[in-house]
Amino acid sequence: LLQVPPETMAKKYFDLYPDELDPVWLNPCLDKRHLEIWSTEKNCNQLPDFVVVGPQKTGTTALYWYLNMHPDVKSNLPSATTFEEVQFFSGKNYFKGLDWYMSYFPIPENNTILFEKSATYFDQAVVAKRLNALLPKKPVIAILLDPAKRAYSWYQHMRSHDDNTALQHSFYEVITAKREGSPQALISLQHRCLDPGFYAVHLDNWLEHLSAKQIIIVDGDTLKDNPVRAMQDLQEHLGFKSTIDYSKLLKYEKKKGFYCQILKSGKTKCLGKSKGRQYPEMDDQSMNYLRHYYSDANRKLLQMLQSINKPIPLWVLEQVNSQH
Ligand code: A3P
């Protein structure tokens, strides 16, 4: 029998099992052996009961804000670098471990429902497996907005962040740039505009790791135009013991063009300038291009939603019917 130091042993182990180099965090409270060696000062309830996964530019901040208006619901604490998003499951933060993630959540009281929102989760393939390992059976919420509108909103987002590529190129140039021969920055912007909108592809990945029951679809148009209805449906889907009437909390503000919060004083408070931006409508050429570009993807989305018995956003039906 050969005795070797732990480091040598570890090296040998990971040479044999390279797939295990990346950790996968599990909930210690769901395994008796883990629980026995876990500190008594730690609390397994300091983890989200559901997660809003995005994608970006579909109204995720509005949903986060609306959810926080519910007296029983509490979000993660803000991050110094990524603001309201912890972005644990998607990037380098995952390697900071479970304590790091849990430190972003308050210790819940009896009725408290905790949640997290990171809009970057939806289209990053690694997230579904990690999320379900730590939070098995917990609901995941995806907001689906017409991918053409989502792409344009992302482009406008980058322009207002003074992104040179977005400032130098029209939207049409960005979405139609040839992947071969175009500058890297232009291709990268094109990917960020277009790729998240292949909703069926991303949902397929989620369904590999989560049951269809866990996935809740919110229609981005309803969330924007009729948030009272969207929040009523969502509260029911999430099985909240006490549901609140958002018609008492939200009011359409003509000046902002979106729903805003009714304050106790009677005044309204809207999301900041970076949400619900003012910009020209998308040009017809880009819209037509994107209609064609996403036609297969939207058809697949319709089939997928039907096959897993999910409500179909009106825009999906409209897009698919207009193809006939
Ligand atoms: P625009 O600014 O392009 O209009 P996210 O929070 O995921 O980044 O999404 C931003 C989008 O949320 C906004 O995109 C806007 O259309 C939408 N939205 C939905 N409800 C809103 C609200 N009540 N206030 C502001 N924006 C809202």
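The structure we're discussing is the one just above.
What this report covers is the structure whose coordinates are included nearby. Every chain is numbered on its own, with residues counted from 1 as its sequence reads. Since the coordinates come from a predicted model, pLDDT governs what is reported: local features require at least 70, and pairs of side-chain atoms require 80 or more to be given and counted, while whole-chain, interface and lining totals use all residues. Hydrogens and water are ignored here; the side-chain numbers use all heavy atoms of the structure.

### Some points on the environment of glutamate 318
Note on placement: glutamate 318 falls in helix α15 (residues 314-322). The buried label applies to any residue whose accessible area, calculated with a 1.4 Å probe on protein chains only, is under 20% of its type's maximum; exposed applies above 50%, and partly exposed to all values in between. With relative accessibility at 46%, the residue glutamate 318 sits in the partly exposed group. Separated by 59 residues in sequence, glutamate 318 and tyrosine 259 place their C-alpha atoms 24 Å apart. Helical segments are the DSSP runs of H or I of at least four residues, strand segments are the runs of E of at least two, and each set is numbered from the N terminus.

### Notes on the environment of glutamine 124
Within the secondary structure layout, glutamine 124 lies in the loop between β3 (113-117) and α5 (126-134). Its relative accessible area of 31% is what places glutamine 124 among the partly exposed residues. Sequence separation between glutamine 124 and serine 160 is 36 residues, and the spatial gap between their C-alpha atoms is 24 Å. Between two residues, a contact is recorded if the distance between any of their heavy atoms is within 4.5 Å. With near-sequence residues (within four places) excluded, glutamine 124 lies in contact with Ser90 and Asn205.

### Notes on the sheet that holds β3
On the basis of which strands lie adjacent, the open sheet formed by five strands has the order β2-β3-β1-β4-β5 and parallel pairing. Strands with a single pairing partner mark the edges of an open sheet, and in this sheet they are β2 (73-75) and β5 (215-219). Adjacent strand axes in the sheet meet at a mean angle of 25 degrees when their direction is disregarded. Sheet topology note: the strand β1 (residues 50-54)/β3 ladder contains three bridges and is parallel. Two strands are said to pair when DSSP picks up at least two bridges between them. Axis angles are defined between N-to-C directions and span 0 to 180 degrees, where every axis is a line fitted to C-alpha atoms and, for a helix, only to the segment in contact.

### Examining the state of the cysteines
Any two cysteine sulfur atoms within 2.5 Å of one another count as a disulfide. For the coordinates displayed, the defined rule picks out two disulfides. The disulfide bridge from cysteine 29 ends at cysteine 44, spanning 1.0 Å between sulfur atoms. You can see cysteine 29 sitting in the loop between α1 (6-16) and α2 (32-37) and its partner cysteine 44 sitting in the loop between α2 and β1, a full 15 residues away along the chain. Overall, the relative accessible area of 15% leaves cysteine 44 in the buried class. Disulfide partner of cysteine 260: cysteine 270, at an S-S distance of 2.1 Å.

### Let's talk about the pattern of salt bridges
Within this document, salt bridges are pairs made up of a side-chain nitrogen of Lys or Arg and a carboxyl oxygen of Asp or Glu, the two lying within 4 Å of each other. By the definition in use, this model includes 14 salt bridges. Here glutamate 36 makes a salt bridge to lysine 32, at a shortest N to O gap of 3.6 Å. With glutamate 36 and lysine 32 both in helix α2 and four residues apart, the pair spans about one turn of that helix. We note a salt bridge from aspartate 225 to lysine 224, for which the minimum N-O separation is 3.4 Å. Using a relative accessible area of 46% as the deciding quantity, one classes aspartate 225 as partly exposed. Judged by its relative accessible area of 37%, lysine 224 is partly exposed.

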